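Report on the structure
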Amino acid sequence: MNYIQEKQVAIEAVTKAATLCMRVRAEMVNLNALEKGDRSPVTVADFGAQALACQHLKANFPQDPIVGEEDAADLRQPDNAHQLTLVTRYVRQFQPKATPDEVCGWIDAGNATIADRYWTLDPIDGTKGFLRNDQYAIALALVEGGDIKVSALVCPALPLALDNPEGEKGAIFVAVRGEGAKMAPLNGGSFVPIHVCRESDKTGLRFVESVEADHGNQALQAAIARAVGITQPSLRMDSQAKYGAVARGDAALYLRLPSPKYPGYREKIWDHAAGTLVVEEAGGRVTDMYGQPLDFASDHLMHHNRGVIVSAGPFHEAVIVAIAQGKAEPEETSGKAKP
Ligand code: AMP
Ligand code: MG
């Protein structure tokens, strides 16, 4: 067994962060705030989750750089003192003596750049889902030499069984390179191995995509799914919960093709690293839309990749071919598929 300590610390870090997020969502997200477009709940949870996860990682691996999504520059501004007070109040439920300055310091511990060995953290992936009371995730991965070695992904609102949406919610996915992927209930319980679905049974296969239309190209995604034999309507889900859905066999394919509206968009490492290892270790495949491996070795922006294909395996090549046959034009602005 490898990376025993890293795996344990990663599980603890994301579990603490997720607990904070769930408390903030229960206490601060309400219809009123949503109608007013008030993003403060997600801001408080985002900062609080990054502070807790980075504090825990740094306490255990002080030398490891952390490349996280947030930094505390805005939070330190006098105008945001109220927000910092709120973040500190939530962080103190775990670190009772934390000062506002320490909280900012922990958040900024997540501002490192990529190194040979580093952690990447998305304290809340799927902020729109968080605010809508839909799916969101806390995602953490350890990368060495550009290869993801350990990942922990918490989806606090994901039903443990998708076909029982009113049943228990909250799943934690964990993977170590070469050792398989596992899932456990976030509320406690044991980890069980998970596997992608078998593709021999094409009836009933589904694909998953973002809820937010602007995070992909939904017309093209539907066309590509049809081209590889998936006839069911897509399952729409926010955040890296989509990787969890493929890894445990809820969906056979996750397509994230470049939005025609944002042709210059580059995917970010923290939006994909944790999910990628979970799917790969569950037996699936992850590449960009051209079949290239995702690049976790260069920068937090994946300059060398466009779009993402996540699949249960065998028909991955067929998806790449369907895209290459002129069905995808990332630079065009009309969003129409070529004939
Ligand atoms: P999802 O919940 O899968 O729709 O993705 C949420 C993530 O989408 C966020 O973490 C953002 O980093 C990312 N995002 C923002 N804008 C875009 C875009 N134009 N294309 C793809 N992803 C985006
Ligand atoms: Mg994200």
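Structure shown above.
Residues numbered from 1 in each chain as written. Chains lettered and ligands numbered in written order. Predicted model: local features only at pLDDT ≥ 70, side-chain atom pairs only at ≥ 80, totals over all residues. Heavy atoms only, no water.

Quick look at the site of ligand 1
Of all residues adjacent to ligand 1, which total 13 residues, the nearest are Ser210, His215, Ser239, Lys242 and Asp271. At 2.6 Å from an oxygen atom of ligand 1 is found a side-chain nitrogen or oxygen belonging to His215. Surface burial for ligand 1 is 86%, taken as the share of its 510 Å² of free accessible area covered by protein chains. Class assignment for the residues of the shell around ligand 1 results in two nonpolar, three polar and eight charged. (Near = heavy atom within 4 Å. Polar contact = N/O pair within 3.5 Å; in protein donor to acceptor, adjacent residues only side chain to side chain. Areas by Shrake-Rupley, 256 points an atom, 1.4 Å probe, with all protein chains shown as cover. Nonpolar A, V, L, I, M, F, W, Y, C, P; charged D, E, K, R; others polar.)

Some words on the pattern of salt bridges
Scanning the entire structure with this criterion turns up 15 salt bridges. One salt bridge connects Arg117 with Asp64, and the closest N-O pair in it is separated by 2.7 Å. Of this pair, Arg117 sits in strand S2 (residues 117–125) while Asp64 sits in the loop between helix H3 (40–60) and strand S1 (66–68), placing them 53 residues apart in sequence. You can call Arg117 partly exposed: its relative accessible area is 21%. Overall, Asp64 belongs to the buried group, its relative accessible area being 9%. Here Arg285 makes a salt bridge to Glu317, at a shortest N to O gap of 2.9 Å. With Arg285 in strand S11 (residues 285–287) and Glu317 in helix H10 (residues 316–327), this residue pair connects regions lying 32 residues apart in the sequence. (Salt bridge = Lys/Arg side-chain N within 4 Å of Asp/Glu carboxyl O. Helix = DSSP H or I, 4+ residues; strand = E, 2+ residues; numbered from the N terminus. Buried < 20%, exposed > 50% of the residue type's maximum accessible area, 1.4 Å probe, protein only.)

What about the pairing of strand S6 (residues 181–185)?
Looking at chain direction, strand S5 (residues 169–176) and S6 are connected through five bridges and run antiparallel. Within S6, the position partnered with Ala171 by the bridge is Pro185. Taken together, the two bridges between S6 and strand S7 (residues 192–193) define a ladder with antiparallel strand orientation. Bridge pairing in S7 links Lys182 to Pro193. Where S6 folds back onto S7 in an antiparallel hairpin, the turn is made up of six residues, including Gly188, whose phi is positive at roughly 115°. (Pairing = 2+ DSSP bridges.)

Observations concerning helix H4 (residues 81–91)
Residues of H4 that are buried: Gln83, Leu84, Leu86, Val87, Thr88, Tyr90 and Val91. Looking at the buried residues of H4, the elements they touch are helix H1 (4–28), H3 and helix H5 (100–108). (Contact = heavy atoms within 4.5 Å.)

Let's talk about the coordination of the magnesium ion (ligand 2)
Four donors placed tetrahedrally about a metal ideally form angles of 109.5 degrees, and six donors placed octahedrally ideally form angles of 90 or 180 degrees. In the first shell of the magnesium ion (ligand 2), the protein supplies Asp122 (OD), Asp125 (OD) and Asp271 (OD), at 2.0 to 2.3 Å from the metal. Positions of the donor residues of the magnesium ion (ligand 2), expressed as sequence spacing, correspond to D-x2-D-x145-D. With a gap of 146 residues between them, Asp125 in strand S2 and Asp271 in the loop between strand S10 (253–256) and helix H9 (273–281) connect regions that are remote in the sequence. We note that Asp125, like Asp271, is buried. (Donors = N, O, S within 2.8 Å, 3.2 Å for Na, K, Ca; no water.)

Just geometry here; none of it tells us what the structure is for.
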